[in-house]
Amino acid sequence: MKTNRTEIQQQLQDFLLKEGWIESIEEFQLENSFRGDLKFTNREMQEMFFMTENEFDILITAQDEQETETIGDLVDLIVEKKNL
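Residues numbered from 1 in each chain as written. Predicted model: local features only at pLDDT ≥ 70, side-chain atom pairs only at ≥ 80, totals over all residues. Heavy atoms only, no water.

## Things to note about the side chain of D64
Within the fold, D64 resides in helix α3 (residues 62-67). When residues no more than four places from it in sequence are discounted, the contact partners of D64 are L59, L77 and K81. (Helix = DSSP H or I, 4+ residues; strand = E, 2+ residues; numbered from the N terminus. Contact = heavy atoms within 4.5 Å.)

## Observations regarding the nonpolar core
Within the largest apolar cluster, 22 residues are counted, with the highest numbers of intra-cluster contacts made by L12, L16, F34, M48 and L74. Broken down by secondary-structure element, the contributors of at least two residues to this core are α1 (5-18), α2 (42-56) and α4 (71-82). With 6 residues, α4 is the largest single contributor of residues to this core. When sequence neighbours within four positions are dropped, the list of residues in contact with L74 reads L12, F34, M48, F49, T52 and T68. (Core = buried A, V, L, I, M, F, W, Y, C linked by side-chain atoms within 4.5 Å. Buried < 20%, exposed > 50% of the residue type's maximum accessible area, 1.4 Å probe, protein only.)

## A word on the environment of K81
Mapped onto the elements, K81 comes out in helix α4. In this structure, the C-alpha to C-alpha distance between K81 and F56, residues 25 residues apart in sequence, is 9.2 Å. Residue contacts for K81: discarding those within four places in its chain leaves I58, L59, T61 and D64. Of note is the side chain of K81, whose polar atom sits 3.3 Å from the backbone oxygen of L59. (Polar contact = N/O pair within 3.5 Å; in protein donor to acceptor, adjacent residues only side chain to side chain.)

By themselves, these figures tell us nothing about what the structure is for.
Below you can see the structure in the form of structure tokens.
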């Protein structure tokens, strides 16, 4: 069964809020970049990817990490990994 993108988007929003990666729903904009708009450091990015892997039961490769710049990219990545 394919994973619904809207469900993943909502689950990711809830996860990022619950874990304190974003402070408000307003920060959850698909075009927001982690390093630019949200000011994530490299260490924060690594930790967030690790926690995302655990939350969604997926494996995020080093190449995936390099290609994931925005919240929308992360939603796309999770949907892709969940639909394999």
